Amino acid sequence: MSTAADLLRTAGLPLLEARILLMHVLGWRRTELITRDRESLDPDAVARFEALAKRRLNGEPIAQLTGRREFFGLEFDVTPDVLIPRPETELLVELALESIADVANPRVLDLGTGTGAIAISIAHARPDARVWAVDRSTAALDVARGNAHALLDATRTGGPVAFVESDWAANIDPSLLFETIVSNPPYIASDDPHLAQGDLRFEPRGALTDDADGLSAIRTIIGTAPFLLTTNGALWLEHGYDQAESVRELLKARGFTNVRSMRDLAGIERCSGGLFTA
Ligand code: GLN
């Protein structure tokens, strides 16, 4: 009979990862791994843990194995159809929230929503915000809708998040205007070796790379956003560690003002944005 202590020791995984998978399989809290470490475990649970550990050793992301990832204090469902929310993307949420801090009932658009992490975190923090979230992937929209349903109060004054199947803003009603547009688009260049490493191998390629120089989605969004922004509306974009200067130049060339980049917790210029005054 195996115990939790046995499984953690023999999994062949970093201890933290083995703990996460074991808590997931057993439905235990972290403290139970300590207080119940000598209990004999149900053989089914042991088999399920061993199967997950094997998949992890083969490289599958922890978030896909557990189907969950925490972001901005909320637990999101994750599937192989969506980008796994990253901690650095919380900066984008903070910048969006800052941009609407003084606006009542702000309208916010999230382009390429994936799990819905950005749109839903904004909607959760600002119950009066009216939030639209688009993705061209119907599978991603299904995941995002499920997350919105699970995480947002049905009675929030801004109403439900509106999910729209759209390639960037193509299907957004042109009569709508937004105080803030946010996006974490695919920004990895097609020849970047990172695409063949770690979690990225298991995530949807279309969420990671534009299959070009890494800036083509960003160019499209910067080109279109002015048509959809209120006077002095804000656009904030996440981008790669070495793209801040290029993104600032694109924003300025399109006529954005107050253009600036902000650093993530690792000190990397991770988001750039500006205001558009028609
Ligand atoms: N931040 C992700 C990574 O570098 C990429 C996500 C994206 O392209 N938007 O792993």
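Quick caveat, the model's predicted, so the values are computed rather than measured. (Residues numbered from 1 in each chain as written. Predicted model: local features only at pLDDT ≥ 70, side-chain atom pairs only at ≥ 80, totals over all residues. Heavy atoms only, no water.)

In the vicinity of the ligand, the residues found are L83, R86, E88, N184, P185, P186, Y187, I188, L200, A207, L208 and E238. One nitrogen or oxygen atom from the side chain of R86 is found 3.0 Å from an oxygen atom belonging to the ligand. Here a nitrogen atom of the ligand sits 2.7 Å away from a polar atom, N or O, in the side chain of N184. Contact with the protein chains removes 87% of the 300 Å² of surface that the ligand exposes when unbound. (Near = heavy atom within 4 Å. Polar contact = N/O pair within 3.5 Å; in protein donor to acceptor, adjacent residues only side chain to side chain. Areas by Shrake-Rupley, 256 points an atom, 1.4 Å probe, with all protein chains shown as cover.)

Attention now moves to unusual backbone geometry. At W168, a residue that is not glycine, the phi angle is positive and equals roughly 45 degrees. Among the secondary structure elements, W168 is positioned in the loop between β5 (162–165) and β6 (178–183). Using a relative accessible area of 18% as the deciding quantity, one classes W168 as buried. The backbone of N258 shows a phi angle near 50 degrees, a positive value even though the residue is not glycine. (Helix = DSSP H or I, 4+ residues; strand = E, 2+ residues; numbered from the N terminus. Buried < 20%, exposed > 50% of the residue type's maximum accessible area, 1.4 Å probe, protein only.)

Next up on the list: the UniProt feature "binding site: S-adenosyl-L-methionine" (unreviewed entry) in the protein chain. Mapped onto the present numbering, the UniProt feature "binding site: S-adenosyl-L-methionine" (unreviewed entry) falls on G112, T113, G114, T115, G116, D135, W168 and N184. Note on placement: G112 falls in the loop between β3 (107–111) and α7 (117–125). Its relative accessible area of 24% is what places G112 among the partly exposed residues. Beyond its immediate stretch of four places on either side in the chain, G112 contacts V134, D135, W168 and N184. Here N184 is to be found in the loop between β6 and α9 (205–208). According to the relative accessible area criterion, N184 is buried, its value standing at 12%. Those residues within four positions of N184 in sequence are excluded, and the remaining contacts are L83, T89, L92, L111, G112, I118 and E238. (UniProt positions renumbered as here; feature names shortened; annotations may be inferred. Contact = heavy atoms within 4.5 Å.)

Scanning the entire structure with this criterion turns up four aromatic pairs. Pairing F71 with F72 gives two aromatic rings, centres 6.3 Å apart and planes at 35 degrees, and the pair type is tilted. Judged by relative accessible area, F71 falls into the buried class, the value being 1%. Judged by relative accessible area, F72 falls into the partly exposed class, the value being 26%. On the numbers, 5.3 Å between centres and 85 degrees between planes, the contact of W132 with F178 is edge-to-face. Here F178 lies in strand β6 and W132 lies in strand β4 (residues 130–135), a separation of 46 residues in the sequence. Accessibility assignment for this pair places W132 and F178 in one class, buried. Its guanidinium or amino end placed over the ring of F227, R254 lies 5.4 Å from that ring's centre, counting from NZ or CZ. (Phe/Tyr/Trp six-rings, centres within 6.5 Å; stacked < 30°, edge-to-face > 60°. Lys NZ or Arg CZ within 6 Å of the ring centre and 35° of its normal.)

Turning our eyes to something else, we now look at helix α8 (residues 138–151). With 14 residues, α8 ought to run about 20 Å at 1.5 Å a step, and its terminal C-alpha atoms sit 20 Å apart, in line with that. Three or more residues of α8 are buried, namely A140, L141, V143, A144, N147, A148 and L151. In an axial view of α8, the angular spread of the buried residues amounts to 160 degrees, which keeps them on one side of the axis. Exposed positions of α8 whose direction lies more than 90 degrees from the buried face are D142, H149 and A150. Buried residues belonging to α8 abut β2 (74–77), α7, β4 and β5. (Expected span 1.5 Å × (residues − 1). Arc of directions from axis to C-beta.)

So, about the packing of helix α2 (residues 15–26) against helix α4 (residues 43–57). Packed helices, taken two at a time, are described by the angle between their axes plus the distance between the axes. At a minimum axis separation of 10 Å, α2 and α4 run at an interaxial angle of 140 degrees. One way to sum up the angle between α2 and α4 is to call them oblique. Handedness of the crossing formed by α2 with α4: right-handed. Between α2 and α4, the residues in contact are E17, A18, L21, L22, H24, V25 and L26 and A45, R48, F49, L52, A53 and R56, respectively. Taken together, the residues of the contact of α2 with α4 sort by class into nine nonpolar, one polar and three charged. (Axes fitted to C-alpha atoms, helices over the stretch in contact; angles between N-to-C directions. Parallel < 35°, antiparallel > 145°, perpendicular 65-115°, else oblique. Left-handed = near helix turned anticlockwise from the far one by under 90°. Nonpolar A, V, L, I, M, F, W, Y, C, P; charged D, E, K, R; others polar.)

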